[in-house]
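Secondary and tertiary structure notes
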Amino acid sequence: ALDKLFPRKTLGFFPSPIHKLERLSAMLGVEVWAKRDDVSSGLAFGGNKIRKLEWLVADALAKGCDTLVSIGNIQSNHTRQVCAAAAAVGMKSYTVQETWLEWDDPVYDKVGNILLTRIMGGNPIMGGYGYSTTEKDTWARALEEVRAKGGKPYAIPAGASDHPLGGLGYANFADEVAMQEQQLGIFFDNIVVATCTGSTQAGMVVGFAAQEKRRRVIGIDTADDEAMTRRAVTKIANDTSELIASKGGQRVVVRDADIEIIPDYSGPAYGLPSEQTIAAIRTAAEMEAMLTDPVYEGKSIDGLIDMAKKGHFKGQRVLYAHLGGAPALNAYYKAFEDPEN
Ligand code: PLP
């Protein structure tokens, strides 16, 4: 329905596939399904930013911009997808690649997402330190550099989140899920989703709140800062609801209780896996050949498995939103080294 209110540039294969995780369900005694936004685009391995960028890129093209400028960690999936989207529509991209964490690996700044960005002809600018979703000097300088060269930049914040259109992709995801539920004749009582810069969960909260039958959207924090994540999700959910209403769409009231952030699986820090994260990644890989990464999806699948084992989903159906991230695995080979193998 949002397609009727806002311009959208197709960058993915939507609706993304949805399927039951048979072996994991049997092990947990809970029906667990996955919605595979990790395989929903042909653009450089895709991921959740492709879904968001469909709306931002349409806006950039309408405004006559020729360069996407964004920011993220060195191994950011987001900046890789910004670069991919730019390549696919014939734009340039500049991406500031900051150091958001200390992971001692000599190829961390060479393999995985950053390698793909280089292959796609992106312009990664190495520099900057520390995670924050607020505006950064480095990002402002990159925008200025594009202008100085006569280009017309389009600014995309970290995670495409704190942007007026950032929540639309995942508000629309909710409609997609409802359509697939109707086809399958089932209902998902719970959605489990990794959350960091916030617009994925925020969009879902708004999209699902517009539906008659209510369900839980359970955000597994990966920023390792529950308060910051909650602030980000709350702001984007409210802004997205306002924006949709301003175009004649349904206005939803976002209640505090709708924004569920689970802080228990984010440690020891953003981008650093715990032993439990690694164990959960191995479980999903060994039982379903479903690859998850140590930064985001490894933490959300850990949360899903642990909460299921603790009886949180008794008699209910769970949908795991797989948001991508596996390209970063290359930079984390150390976490999986096994002296026996
Ligand atoms: N999962 C993956 C693979 C991501 O790349 C991101 C990006 O930050 C997230 C989850 C979190 O999504 P968001 O930043 O919209 O909260």
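Here is a short report on the structure shown in this document.

The rules behind each value
- Counting from 1, residues in each chain are numbered in the order their sequence is written.
- Local features are withheld for residues below a pLDDT of 70 in this predicted model, meaning they are given only at 70 or higher, and side-chain atom pairs are given and counted only at 80 or more; totals for whole chains, interfaces and linings count all residues.
- With hydrogens and water set aside, each side-chain value is computed from the structure's full complement of heavy atoms.
- Definition used for salt bridges: Asp or Glu carboxyl oxygen within 4 Å of a side-chain nitrogen of Lys or Arg.
- By the criteria applied, helices consist of DSSP H or I runs no shorter than four residues and strands consist of E runs no shorter than two, each listed in order from the N terminus.
- The cut-offs for exposure are 20% and 50% of the maximum accessible area for each residue type, with area from a 1.4 Å probe on protein chains only; residues under the lower value are buried, those over the upper are exposed, and the others partly exposed.
- The pairing criterion is simple: DSSP has to find at least two bridges between the two strands.
- By definition, residues are in contact when any of their heavy atoms lie within 4.5 Å.
- Only the stretch in contact is used when a helix axis is fitted, and all axes are lines through C-alpha atoms; the angle between N-to-C directions ranges over 0 to 180 degrees.
- The labels follow the angle: roughly parallel below 35 degrees, roughly antiparallel above 145, roughly perpendicular from 65 to 115, and oblique for the rest.
- Residue type decides the class: Asp, Glu, Lys and Arg count as charged, Ala, Val, Leu, Ile, Met, Phe, Trp, Tyr, Cys and Pro as nonpolar, and the leftover types, Gly among them, as polar.
- Take the residue count of a helix, subtract one, and multiply by 1.5 Å to get its expected span.
- Residues are labelled near a given molecule or strand when at least one of their non-hydrogen atoms is within 4 Å of it.
- Polar contact criterion, stated in full: a pair of N or O atoms within 3.5 Å, where within protein one must be able to donate a hydrogen and the other to accept it, and residues adjacent in sequence count only if both atoms are side-chain atoms.
- The pairing test for Phe, Tyr and Trp rings, Trp by its six-membered ring, is centres within 6.5 Å, and the orientation test on the planes gives stacked under 30 degrees, edge-to-face over 60, and tilted for anything in between.

Attention now moves to the pattern of salt bridges. Using the criterion set out here, one finds 21 salt bridges in the structure. Here Arg-8 ties to Glu-54 by a salt bridge, and the two come within 2.6 Å at their closest N and O atoms. Note that Arg-8 is positioned in the segment before strand 1 (18-20) and Glu-54 in helix 2 (residues 48-62), a separation of 46 residues in sequence. Assessed through its relative accessible area of 27%, Arg-8 is described here as partly exposed. Among the charged side chains, a network of salt bridges with common partners joins Lys-35, Asp-37, Arg-51 and Glu-176.

Attention shifts here to the pairing of strand 2 (residues 31-36). Both faces of the sheet carry side chains from a regular strand, because those side chains alternate between them. Where burial is concerned, most of strand 2 is hidden: 5 out of the 6 residues are buried. By the bridge criterion, 3 bridges tie strand 1 to strand 2 in an arrangement that is antiparallel. Bridging from a neighbouring strand, His-19 pairs with Ala-34 of strand 2. Where strand 2 lies against strand 10 (residues 317-322), 6 bridges are found, and the strand directions are parallel.

Here we take up the environment of Gln-97. Examined against the element boundaries, Gln-97 turns out to sit in strand 4 (residues 92-99). For Gln-97, a relative accessible area of 1% translates into the label buried. Taking C-alpha positions, Gln-97 is 12 Å from Lys-110, a pair spaced 13 residues apart along the chain. Setting aside chain neighbours within four positions, we find Gln-97 in contact with Gly-72, Asn-73, Ile-74, Ser-76, Thr-79, Ile-114, Pro-124, Ile-125, Met-126 and Gly-127.

We now examine the packing of helix 2 against helix 6 (residues 168-184). Their axes nearest at 7 Å, the elements helix 2 and helix 6 cross at an angle of 110°. Considering their axes alone, helix 2 and helix 6 lie roughly perpendicular with respect to each other. Along its contact with helix 2, which presents Asn-48, Arg-51, Lys-52 and Trp-55, the element helix 6 presents Leu-168, Gly-169, Tyr-170, Asn-172, Phe-173 and Glu-176. The residue makeup of the contact of helix 2 with helix 6, split by class, is 4 nonpolar, 3 polar and 3 charged.

With that settled, consider helix 9 (residues 275-288). Taking 1.5 Å of rise per residue, 14 residues should cover 20 Å, and helix 9 covers 20 Å from first to last C-alpha, within 8% of that figure. Among all positions in helix 9, only Thr-277, Ile-278, Ala-280, Ile-281, Ala-284 and Met-287 are buried. Next to the buried residues of helix 9 lie helix 1 (22-28) and helix 10 (297-309). Immediately downstream of helix 9, the backbone of Ala-289 shows phi near 50°, a positive value.

Before going further, it helps to spend a moment on the site of the ligand. Taken together, 17 residues lie around the ligand, and Lys-49, Lys-52, Thr-197, Thr-200 and Glu-297 are the ones closest in. One nitrogen or oxygen atom from the side chain of Asn-48 is found 3.2 Å from an oxygen atom belonging to the ligand. Within the side chain of Thr-200, one N or O atom sits 2.6 Å away from an oxygen atom of the ligand. Taken together, the elements giving at least two residues each to the shell around the ligand come down to helix 2, strand 7 (190-195) and helix 7 (199-209).

Another point: the packing of aromatic side chains. Note on aromatic pairs: each is described by the distance of the centres and the angle between the planes. Taken as a whole and judged by the stated rule, the model has 7 aromatic pairs. Here Trp-103 and Tyr-332 contribute two aromatic rings whose centre-to-centre distance is 4.8 Å and whose plane-to-plane angle is 40°, an arrangement assigned as tilted. Taken together, the positions of Trp-103 in the loop between strand 4 and helix 4 (113-119) and Tyr-332 in the segment after strand 10 put the pair 229 residues apart, joining distant regions of the chain. Taken together, a centroid distance of 6.2 Å and an interplanar angle of 80° make the contact between Tyr-108 and Tyr-332 edge-to-face. Placement of Tyr-108 in the loop between strand 4 and helix 4 and of Tyr-332 in the segment after strand 10 is noted, with a sequence separation of 224 residues between them.

This brings us to the sheet that holds strand 9 (residues 260-262). Taken in spatial order, the 6 strands line up as 1-2-10-7-8-9 in an open sheet, and their pairing is mixed. Because the sheet does not close on itself, it has two edges, and the strands there are strand 1 and strand 9. Adjacent strand axes in the sheet meet at a mean angle of 30°, parallel and antiparallel pairs treated alike. Across the face of the sheet, helix 8 (residues 226-246) comes into contact with strand 7, strand 8 (216-221) and strand 9 while running at roughly 155° to strand 9.

Okay, the sheet that holds strand 6 (residues 153-155) next. The 4 strands are arranged 5-4-3-6 in an open sheet whose pairing can be described as parallel. Here the strands that pair on one side only, and so sit at the sheet edges, are strand 5 (123-129) and strand 6. When strand polarity is set aside, the average angle formed by the axes of neighbouring strands in this sheet is 25°. Across 3 bridges, the pairing between strand 3 (residues 67-73) and strand 6 is parallel. Directly across from Val-69, in strand 6, lies its bridge partner Ala-155.

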